[in-house]
Amino acid sequence: MPARKKSRRLRIIVIAVVLLLVAGLGYGSYWSVSTVRASFPQTSGSLKLKGLSAPVDVDRDANGIPQLYADTPDDLFRAQGYVQAQDRFYEMDVRRHLTSGRLSEMFGKSEVETDAFLRTLDWRGVAQKEYDTELDATTKEYLQAYTDGVNAYLADHSGASLSLEYAALSLSNNYKPEPWTPIDSVAWLKAMAWDLRGNMQDEIDRTLMTSRLSQAQIKQLYPDYPYSRNQPIVEAGTVDPTTKTYTPADSAGSQDSTSSSSPQNISSSVDTQLAGISQIIDQMPTLLGPTGSGIGSNSWVVSGKYTTTGKPLLANDPHLAPQLPSVWYQMGLHCRTLSKSCPYDVTGFTFSGMPGVIIGHNQDIAWGMTNLGADVTDLYLEKVTAKTYLFDGKQVPFTTRRETIKVAGGKSRTITVRETNNGPVISDRSDELRTVGETAPVTDPPGGVNSGYAVALNWTALQPSKTMDAVFELDRATNFTQFRAAAADFAVPSQNLIYADTKGNIGYQAPGKVPVRASGDDGTYPVPGWDSHYDWKGYIPTKAMPYEYNPPSGYIVTANQAVIDQSKYPYLLTDDWDYGTRSQRINDLIASKIKDGGKISMDDMQSMQNDDSSEIAKLLVPYLLKINIKNDKGSYVRDAQKLLEGWDYNQDSDSAAAAYFNAVWRNVLKLAFGNKLPKELRPKGQCLRVPPVGATGPVDDLDGKPKTVEECGERDADEAQPDGGDRWFEVVRNILQEPNSQWWTMSTTAFYGVDQDASHRSDRDQLLQQAMKDARYELTAKLGKDIDTWSWGRLHKLELKNQTLGTDGPGILKTILNRGPWQLSGGEAAVDATGWNAAGGYDVEWVPSMRMIVNLQDFDKSRWINLTGASGHAFNAHYTDQTSLWAAGKLLPWYYSDKRVDKAAKAKMALTP
C-alpha cells in the first residue's frame, strides 16, 4: 500500500517469510535468485494473446520502454494491458485495492482505518456509476480490451512469476490476485483527483489557526496573490464569446470573488474535530504527493516564432511524490495504418492500470498538464442526531450503507457510512472524532439536535463524470478544436492543459468541473451544512472556462499560478493559488532569451527545466548579509555568513551556500511563524512551552513569570507548517519592510500578549541573527564543523522506496526493494522543484516525476525521462535505470517514427492470436 506513514507495520509473518526467502533457508541461495528473476517478462520472440485479431508488435528500446503496433484499437489496448501487467502488475494490484478500500485484504489490520475512510468516499462506487451511466460505448470497448489483456497475463502467471512481492504474500496469507476489471482502471482517476483536490487542507488549517491567531493574523499568513508581480496564465481573461459574461451581482450563478467567508454560527471547539480529520487525511496513502503549498508542476510552450526550429517546443514536468516504481509509465501506442477506425498514433506517459496515454503527443498535436488547483472541495459542518441531520430547519434522515472490510489474518470489520445532501460524513471514521462530535457545543442548537457537529465532504470527484472518455479523445485529437472538446470532458482532477500542433499553433485550456458558490462564500472555511444558502449553485459553464490560442506573447506558462486575474473573470476558481514563484521565473527566463530577437532551442528548454535558482534567497540574502554577526567563539557563525557573499543563488547539489541558506530559511520560519502556530499544525516531536489557548493578558505563575503550558506538535513532518513553500515567500516579503512586525518576536509569551516584560520582544534583525546562529549549529551537527565539506546535496537527499514492503521493516528488506540515496540539486519553489518541507527537514518530499520536451518540427528530436524505469521488478535492469540520468538533469532520446523506433529497438516481441 503506497503509504507515507513510516510507523505503519506490515504483518510480522510477511516480513519473516521475506527474510526466509532472501536468506534462502531450506531451499538454498539458488531458489532466492530464481524467485527474484521469475517475474522478469519475456520481451523477445513471440507469445500467444487470446482475443487478438492480428499480431501486435512490441518493440522495447535500451531502457525497456515499449512501443506497440497494431491494426485495430482493440488489439492495441489489449496488448497495452498485457505489456503493463508484464512490467507493473503488482503496482496495479495495490492501486486497485487502494481505490476500492481493500488494502486490508493484502496487508492486514494495519490498513483497516485507511480502508474505512476510502469506503466512506466510495471511489470505486463512483467509478462503477461512471462506467454504467457516463462513458461512451467506444471507451467501454477499449477498457474491456485492456482488461482482457491484463487477465490474459494473469491466467499464465501467479505467485513469484507475477512479482517478488507475491512470493511473500502468497506464503504468508495465501493471497492471490483476482481478475482485473474495467472499474479498476476507471477508479484510478479518483485517486488522481484526491491528491490534486485543491485547498481542502488549507480550509482545515485556517480553521485550526483560529485557536491561536486572529483573523487578521491568519490573513497575513494567506496573503493575496501578487498579480502585479507574478503574471497569471491567461492575461486577457478569454472566455468563449458565445457565453454570457456574468458580473458578480448578475445572478445566483455568479459569485463575489472579493468576499471572504469565515465560520458562521460555529463554536471554536470544532477545531479539535477538524484536527482529527486532518490526522485522518494525513494517514491516507500518498498517491501523487504531499499537500503543502509550493507543490505542483511546470509546463510551458513556445511558439515557433521564438524557437530555433521554427515550430513550437513544449515542456512538462509534473511534481509528485517520489515512488518506486515511478507513478508514470512510458509507452507508445500506434495503429499501423491511421484511419477513422484506427486513429491512434500516440506516445508519452500513462499510468499502470489505465489504457491510453495521459500526457504526450500524437502525429499532429502535443499536450502537457499541470494542476489547476481549482477549489473543488468544501467541508460542511452538520448538526446531527444518530439518524438525522438538520437542513433548513428540518430533520432529514441520513442515506446510509454498510461496508464490510475483509482483513488478512483477522476478523472482518463492518462500518456504516452516513451521507448528507452535502456528501459523506467523513468524521465518522474515528472514535475520537465521534466523541468530539457528540460533545462539541453548538451555537443556539435547535430542538432535538444534541449531538454536536459532524463534518461532511462535498467534492466534485464524488460525482460521475466522463474523464475516461477525455483520455482517448486527447489521444486522437488532431487540432485545437478537438483538443478543447476533449478538455470539456476532463472533469476531475481539474488540470491546466497546454497545447501545440505541427502547424505552429499553441494554446491553453482550463478544464474541470468547478463549483459556483453562494455570495459570501469563497471556500476558504468550513460552512454550515444546515443552511441551504451554502449549497453549491451549479458549476462554471464549460465554455466560460479560460483559454488562450496563439497569444501575442508567443508563449504560455503554467506552473500552478493564478489562471486569471480574478478582477477580470466573473467566476471564482479558487483563492488558494500557488503564488507564482516558479511560473514567473520561467516567464522571465523565456523573456530574457527571446529579447532582441533571440531564439529558444531544445537545449534551452532542458536548461530551464533544470533551473534551481532560489527566489527567496534573492529576497532574503541582502538582509542576512547586513546582520552584524558578533564574534562569539571566534568566527564560527561569521564564516557561515560569508558563504552567502557572492553566491549566485543557485541550489546545486555541491553548493555549501545553498545548504547554509536553506538552513537559515528553515530556522527563520520556525522562529517567526512555526513556534506560534497551534500544535495541530506543528510537526510531531516539536514540544514548546506556550501560553494557554485563549490567554490574552498578563497571566503570572507564583514565581511572577508568564504562565505557560507544554504543547507538542501533532502533524507528520512532511505535512506540517510552515512548509516553506512560496506562500511563505510572500508572507515574509510582506513583513521584511516592517522590522518591528509582531511576527519577528521570538518570544511566544510576548507574541500572544501575556508577557509583562516588553523587552522580550525582538525585531527583524535580531530574529535573522538568531536564525543564522541556529543554522550554523544545526549544520555543524548534520554536516560537520568544517564548512568546506558542506554541500546542499548532503542534506537534500532522495531515497526511492518501494511503496509496500519497502516502506517499513528490517534493513535487509529495504535493501532488496529500495534504492538510493541520490544527492539532489534544486529546491522548494525552484523550477527544478525537488521539494522539501521546512517544518520537517531537508529530505526530498516531491520531485519532477518525469520530464519531457516535445519538438513539433521533428518528433524524433523530442526528449523524455522518467524518475525510475519501465519495470516494477526489483533487480530488473530497468528498475531504476533512468534515475541517475534524471538526477543529473539529463534526458533520453524520444523516438517516434517507425524507422527510428525500429532502429533503437533492443528487444522485439510479437503478440499473436
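Keep in mind it's a predicted model, so treat the numbers as computed, not measured. (Residues numbered from 1 in each chain as written. Predicted model: local features only at pLDDT ≥ 70, side-chain atom pairs only at ≥ 80, totals over all residues. Heavy atoms only, no water.)

Draft legend 1. Up close: the overall build of the protein. A count of helices and strands for the protein gives 27 helices and 30 strands. In the protein, which comprises 913 residues, the proportion classed as buried is 64%. Long-range contacts, defined as pairs at least 24 residues apart, comprise 75% of the intrachain contacts of the protein with a sequence gap of at least 6. When the accessible area of the protein is evaluated, it comes to approximately 31600 Å², of which 49% is carbon and sulfur surface. (Helix = DSSP H or I, 4+ residues; strand = E, 2+ residues; numbered from the N terminus. Buried < 20%, exposed > 50% of the residue type's maximum accessible area, 1.4 Å probe, protein only. Contact = heavy atoms within 4.5 Å. Areas by Shrake-Rupley, 256 points an atom, 1.4 Å probe, with all protein chains shown as cover.)

Draft legend 2. Region of interest: the state of the cysteines. If you walk through the whole model with that rule in mind, you get two disulfides. For Cys-335, the disulfide goes to Cys-342, at an S-S distance of 2.0 Å. As the torsion about the S-S bond is roughly -85 degrees, the Cys-335-Cys-342 disulfide counts as left-handed. In this structure, Cys-335 and Cys-342 share a single accessibility class: buried. Residue pairing for Cys-687: its cysteine sulfur links by disulfide to Cys-712, the two sulfurs lying 1.9 Å apart. Around the S-S axis, the bridge from Cys-687 to Cys-712 shows a dihedral of about 110 degrees and counts as right-handed. Here the residue Cys-687 occupies a position in strand S22 (residues 687-690), and Cys-712 occupies one in strand S23 (residues 709-712), the gap between them amounting to 25 residues. A relative accessible area of 28% means that Cys-712 is categorised as partly exposed. (Disulfide = S-S within 2.5 Å.)

Draft legend 3. Representation of the pairing of strand S4 (residues 297-302). Where burial is concerned, most of S4 is hidden: six out of the six residues are buried. Alternating residues of S4 divide into Ser-297, Ser-299 and Val-301 and Asn-298, Trp-300 and Val-302, and every residue in both groups is buried. Of the strand pairs in this sheet, S4 and strand S5 (residues 313-320) are connected by six bridges, and their pairing is antiparallel. Bridge assignment links Trp-300 to a residue of S5, and that residue is Ala-315. Inspection of the sheet shows S4 paired to strand S21 (residues 555-558) by four bridges, in the antiparallel sense. (Pairing = 2+ DSSP bridges.)

Draft legend 4. Seen up close, the pattern of salt bridges. Counted according to the given criterion, the structure contains 38 salt bridges. The salt bridge involving Arg-95 is made with Glu-91; its shortest N-O contact spans 2.8 Å. You can see Arg-95 and its partner Glu-91 sitting in helix H3 (residues 73-99), four residues apart, about one turn around the helix. The structure contains a network of salt bridges with shared partners spanning Asp-93, Arg-96, Arg-124 and Asp-184. (Salt bridge = Lys/Arg side-chain N within 4 Å of Asp/Glu carboxyl O.)

Draft legend 5. Representation of the confidence of the model for the protein in the model. When the pLDDT values of the protein are averaged, the result is 87; 84% of them are 70 or greater. Confidence drops under a pLDDT of 50 for residues 1-31, and excluding neighbours within four residues, the segment shows 76 contacts in the predicted structure. A low-confidence stretch, residues 241-270 (pLDDT under 50), is modelled with 65 contacts involving residues beyond four sequence positions or located in other chains. (pLDDT = per-residue confidence, 0-100.)

Draft legend 6. Local environment of empty space enclosed by the protein. Taken as a whole and assessed by the stated rule, the structure comprises eleven cavities of 30 Å³ or more. Its volume calculated, the second largest cavity comes out at about 200 Å³. In this structure, the second largest cavity is lined by 20 residues; those nearest its centre are Tyr-90, Glu-91, Leu-324, Pro-325 and Gln-803. The element contributing the most residues to the lining of the second largest cavity is H3, with seven residues. Along the lines of polarity and charge, the residues of the lining of the second largest cavity split into eight nonpolar, seven polar and five charged. (1 Å grid on protein atoms, 1.4 Å probe; cavity = no way out; pocket = protein on both sides within 12 Å on 5 of 7 lines; lining within 4 Å. Points joined across faces, edges and corners; volume = space filled by probe spheres on them. Nonpolar A, V, L, I, M, F, W, Y, C, P; charged D, E, K, R; others polar.)

Draft legend 7. Region of interest: the environment of Asn-675. Tracing the chain through its elements places Asn-675 in the loop between helix H20 (656-672) and S22. On the basis of relative accessibility, which here comes to 9%, the residue Asn-675 falls in the buried class. For the pair Asn-675 and Met-746, spaced 71 residues apart in the sequence, the C-alpha separation amounts to 8.3 Å. Asn-675 has contacts with Lys-670, Arg-682, Gln-686, Leu-688, Val-690, Thr-748 and Tyr-752, leaving out every residue within four places of it along the chain.

Draft legend 8. Local environment of the side chain of Asp-115. Tracing the chain through its elements places Asp-115 in helix H5 (residues 112-121). The side chain of Asp-115 is buried and forms no salt bridge, while Arg-119, the nearest opposite charge, is found at 5.8 Å. Excluding its chain neighbours within four sequence positions, the residues that come into contact with Asp-115 are Gly-101, Arg-102, Leu-103, Ser-104 and Ile-405. (Lys, Arg positive; Asp, Glu negative; His and termini not counted.)

Draft legend 9. A look at the sheet that holds strand S19 (residues 527-528). The three strands are arranged S16-S10-S19 in an open sheet whose pairing can be described as mixed. If you trace the sheet from one side to the other, it starts and ends with strand S16 (453-459) and S19, each paired once. Sheet topology note: the strand S10 (residues 377-383)/S16 ladder contains seven bridges and is antiparallel. Note on S16: the bridge partner recorded for Leu-379 is Leu-457. Each of S10 and S16 is contacted by helix H10 (residues 200-209), which is oriented at about 50 degrees to S10, the strand it contacts most. (Axes fitted to C-alpha atoms, helices over the stretch in contact; angles between N-to-C directions.)

Draft legend 10. Quick peek at helix H18 (residues 615-625). Taken residue by residue, H18 has Ile-616, Ala-617, Leu-619, Leu-620, Val-621, Tyr-623 and Leu-624 as its buried positions. Contacts made by the buried residues of H18 are with helix H19 (636-642), H20, helix H21 (726-735) and helix H23 (764-783). Structurally, the start of H18 carries an N-cap: the backbone nitrogen of Ala-617 is 3.1 Å from a side-chain oxygen of Ser-614. (Polar contact = N/O pair within 3.5 Å; in protein donor to acceptor, adjacent residues only side chain to side chain.)

Draft legend 11. Representation of the environment of Leu-589 in the model. Mapped onto the secondary structure, Leu-589 falls in helix H16 (residues 581-594). Leu-589 sits 16 residues away from Met-605 along the chain, and the two C-alpha atoms are 9.8 Å apart. Not counting the four nearest positions on each side in its chain, Leu-589 is found in contact with Met-608 and Asp-611.

Draft legend 12. Expanded view of the sheet that holds strand S14 (residues 413-420). Sheet architecture is open: three strands sit in the order S13-S14-S15, paired in antiparallel fashion. The outermost strands of the open sheet, each flanked by one partner alone, are strand S13 (399-405) and strand S15 (423-424). Bridge count for S13 against S14 is seven bridges, and the pairing is antiparallel. Directly across from Thr-400, in S14, lies its bridge partner Arg-418. Together, S13, S14 and S15 form the strand contacts of H5, whose direction differs from that of S13 by roughly 145 degrees.

Draft legend 13. Region of interest: the side chain of Ser-39. Examined against the element boundaries, Ser-39 turns out to sit in the loop between helix H2 (29-37) and strand S1 (45-48). Residue classification places Ser-39 among the buried residues on the basis of a relative accessible area of 1%. In this structure Ser-39 touches Gln-86, Tyr-153, Ala-160, Ser-161, Leu-162, Ser-163, Leu-164 and His-873, once residues within four positions along its chain are discounted.

Draft legend 14. Quick peek at the pairing of strand S18 (residues 506-509). By the alternation rule, side chains of S18 split into Ile-506 and Tyr-508 and Gly-507 and Gln-509, which are all buried. Where strand S17 (residues 495-501) meets S18, four bridges bridge the pair, whose relative direction is antiparallel. Within the sheet, the bridge partner assigned to Leu-497 lies in S18 and is Gln-509. Between S17 and S18, which pair antiparallel one after the other, the connecting turn spans four residues, and Gly-504 there sits at a positive phi close to 105 degrees. Relative to strand S20 (residues 547-549), S18 is paired through three bridges, and the arrangement is antiparallel. Each residue of the ladder has a partner; that of Gln-509, found in S20, is Tyr-547.

Draft legend 15. Structural view of the packing of aromatic side chains. A complete count under the given rule lists 41 aromatic pairs for this structure. Both rings, one in Trp-647 and one in Phe-661, keep their centres 5.7 Å apart while their planes meet at 40 degrees; by these two values the pair is tilted. Of this pair, Trp-647 sits in the loop between H19 and H20 while Phe-661 sits in helix H20, and the two are 14 residues apart along the sequence. For Trp-647, a relative accessible area of 9% puts it in the buried group. Residue classification places Phe-661 among the buried residues on the basis of a relative accessible area of 0%. Through a chain of ring-to-ring contacts, the aromatic side chains of Trp-188, Trp-328, Phe-349, Phe-351, Trp-864 and Trp-894 assemble into a single cluster. Between the NZ or CZ atom of Lys-140 and the centre of the ring of Tyr-131, over which it lies, the distance is 5.1 Å. (Phe/Tyr/Trp six-rings, centres within 6.5 Å; stacked < 30°, edge-to-face > 60°. Lys NZ or Arg CZ within 6 Å of the ring centre and 35° of its normal.)

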